[in-house]
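For reference, the chains in residue letters:
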Amino acid sequence: MALLKVENATMQFGGLTAVKDFNLEINEGEIVSLIGPNGAGKTTAFNMITNVYTPTNGKVIFDGKDITGMRQDLITQKGIARTFQNIRLFKDLSVLDNVLIANHVHIKSNFIEAILKLPRYRKEEKEMVEKSISLLEELGLQDLKDEKASSLPYGKQRKLEIARALATNPKLLLLDEPAAGMNPTETDELTAFVKEIKDKFNLSIFMIEHHMNMVMSLSDKIQVFEYGITIAKGTPSQIQNDKKVIDAYLGVSEDD
């Protein structure tokens, strides 16, 4: 059974169809990439999965359950986490505090217990700090835990955003153009980092990315969008040799 299955998902905004009849399957342990020109509807597809937008038609099935239209916090609790093309950190907070905030999604204490610092909340808070520090250690960010997020180099900010997503204990991680704005060295480092976290945290990954070397290196399967419609699916080698894909996308320089 697929971990994630999207069935004929369509997203309309008034008279505009941004995505039409989107179908997708991601199995456990797979990295699947969605590629296509700017404006092809890739981020809209992400947003339907995480219910930033509720699909006009179709279904999103995760781990055997229909999550179409489910509240975003409940989707996170079920095991889907995401990052954004434009990094979204609490820039005035420390690295550790950014990860701690993400941990709150699984907290069991209620509002009163938190306000009054009752025993259950104090226990959970201690566990969250320990877990967050441990996560930063696993990702090689422990020496930066007290640094303000805004002071980090760009590549480290991206890693922190991914760390914050991992703090929610996802089964499926959605990465929206993780290498955007990175130079080739940073992109190579990020590619290795994604491989590492996939194995270390037993993840399935769904990724939007324009850097073709990264896509081809990481992906088990690739799906290609053009004008909100899937024009090709396959392995990296199949996609590289698909004329429709070459004409629509791969023949265009990444710098164009």
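Residues numbered from 1 in each chain as written. Predicted model: local features only at pLDDT ≥ 70, side-chain atom pairs only at ≥ 80, totals over all residues. Heavy atoms only, no water.

An unreviewed UniProt entry annotates the protein as ABC transporter ATP-binding protein of Clostridium cibarium.

J.: Outline the overall build of the protein, listing residues and values.
T.: The secondary structure content of the protein amounts to ten helices and ten strands. In terms of overall dimensions, the protein is globule-like: its C-alpha atoms have a radius of gyration of 19 Å, near the 18 Å expected for 256 residues. Here the protein holds 256 residues, and the buried ones make up 48% of them. Within the protein, counting contacts between residues at least 6 apart in sequence, those at least 24 apart form 68% of the total. Carbon together with sulfur atoms contributes 49% to the accessible area of the protein, which is approximately 12,500 Å² in total. (Helix = DSSP H or I, 4+ residues; strand = E, 2+ residues; numbered from the N terminus. Rg over C-alpha atoms; globule rule 2.2 N^0.38 Å. Buried < 20%, exposed > 50% of the residue type's maximum accessible area, 1.4 Å probe, protein only. Contact = heavy atoms within 4.5 Å. Areas by Shrake-Rupley, 256 points an atom, 1.4 Å probe, with all protein chains shown as cover.)

J.: Explain the side chain of Asn 98 residue by residue, including any values.
T.: For Asn 98, the location among the structural elements is in helix α3 (residues 95-103). For Asn 98, a relative accessible area of 0% translates into the label buried. Residues within four places of Asn 98 in sequence aside, it is in contact with Leu 89, Phe 90, Leu 93, Ala 149, Leu 160 and Arg 164.

J.: Give a description of the sheet that holds strand β4 (residues 57-62) that names residues and reports values.
T.: The sheet built from four strands is open, its strands ordered β2-β1-β4-β5 with antiparallel pairing. Among the strands making up the open sheet, the edge pair consists of β2 (16-26) and β5 (65-66). (Pairing = 2+ DSSP bridges.)

J.: So what's going on with the pairing of strand β9 (residues 221-226)? Which residues, and what values?
T.: Pairing of strand β3 (residues 31-35) with β9, which is carried by four bridges, proceeds in the parallel orientation. Paired with Ile 35 across the strands is Val 224, a residue of β9.

J.: Which residues make up the sheet that holds strand β6 (residues 80-82), and what are the values?
T.: In space, the six strands of this open sheet follow the order β6-β7-β8-β3-β9-β10, with mixed pairing throughout. Both outer strands of the open sheet, β6 and β10 (229-234), are each paired with one neighbouring strand and no more. The average undirected angle you get between the axes of adjacent strands in this sheet is 15°. With four bridges connecting them, β3 and strand β8 (residues 204-208) associate as parallel partners. (Axes fitted to C-alpha atoms, helices over the stretch in contact; angles between N-to-C directions.)

J.: Help me get a handle on the pattern of salt bridges, residues and values and all.
T.: Counted under the stated rule, the structure contains twelve salt bridges. Lys 198 is the partner of Asp 199 in a salt bridge, and the nearest nitrogen-oxygen pair spans 3.7 Å. Of the residues examined, Asp 199 reaches a relative accessible area of 60% and is grouped as exposed. Taking the relative accessible area as the measure of exposure, Lys 198 reaches 18% and is therefore buried. The partner of Lys 244 in a salt bridge is Asp 242, and the shortest N-O contact between them spans 3.7 Å. Each of Lys 5, Glu 7 and Glu 25 takes part in a single network of salt bridges with overlapping partners. (Salt bridge = Lys/Arg side-chain N within 4 Å of Asp/Glu carboxyl O.)

J.: With reference to specific residues and values, describe the packing of aromatic side chains.
T.: In total, this model carries three aromatic pairs according to the counting rule given. The interplanar angle of 75° and the centroid separation of 5.3 Å between the aromatic rings of Phe 22 and Phe 225 together place this pair among those described as edge-to-face. Of this pair, Phe 22 sits in strand β2 while Phe 225 is found in strand β9, placing the two residues 203 residues apart along the sequence. Owing to a relative accessible area of 0%, Phe 225 belongs among the buried residues under this scheme. The lysine or arginine in question, Arg 88, covers the ring of Phe 84, its NZ or CZ lying 3.9 Å from the ring centre. (Phe/Tyr/Trp six-rings, centres within 6.5 Å; stacked < 30°, edge-to-face > 60°. Lys NZ or Arg CZ within 6 Å of the ring centre and 35° of its normal.)

J.: Can you lay out helix α6 (residues 154-166) for me, pointing to particular residues and giving the numbers?
T.: The end-to-end C-alpha distance of α6, which contains 13 residues, comes to 19 Å, matching closely the 18 Å that a straight helix rising 1.5 Å per residue would cover. Across the 13 residues of α6, eleven count as buried, placing the element largely inside the fold. Along α6, the residues that are buried comprise Gly 155, Gln 157, Arg 158, Lys 159, Leu 160, Glu 161, Ile 162, Ala 163, Arg 164, Ala 165 and Leu 166. (Expected span 1.5 Å × (residues − 1).)

J.: Go over the environment of Asn 27, please, and point to the residues and values.
T.: Examined against the element boundaries, Asn 27 turns out to sit in the loop between β2 and β3. With residues up to four places along the chain from it excluded, the contact list for Asn 27 reads Met 1, Ala 2, Leu 3, Ser 204 and Lys 221.

J.: How would you summarise the side chain of Ser 132 if you had to cite specific residues and measurements?
T.: Relative to the assigned elements, Ser 132 resides in helix α5 (residues 119-138). Ser 132 sits in the buried class, given a relative accessible area of 0%.

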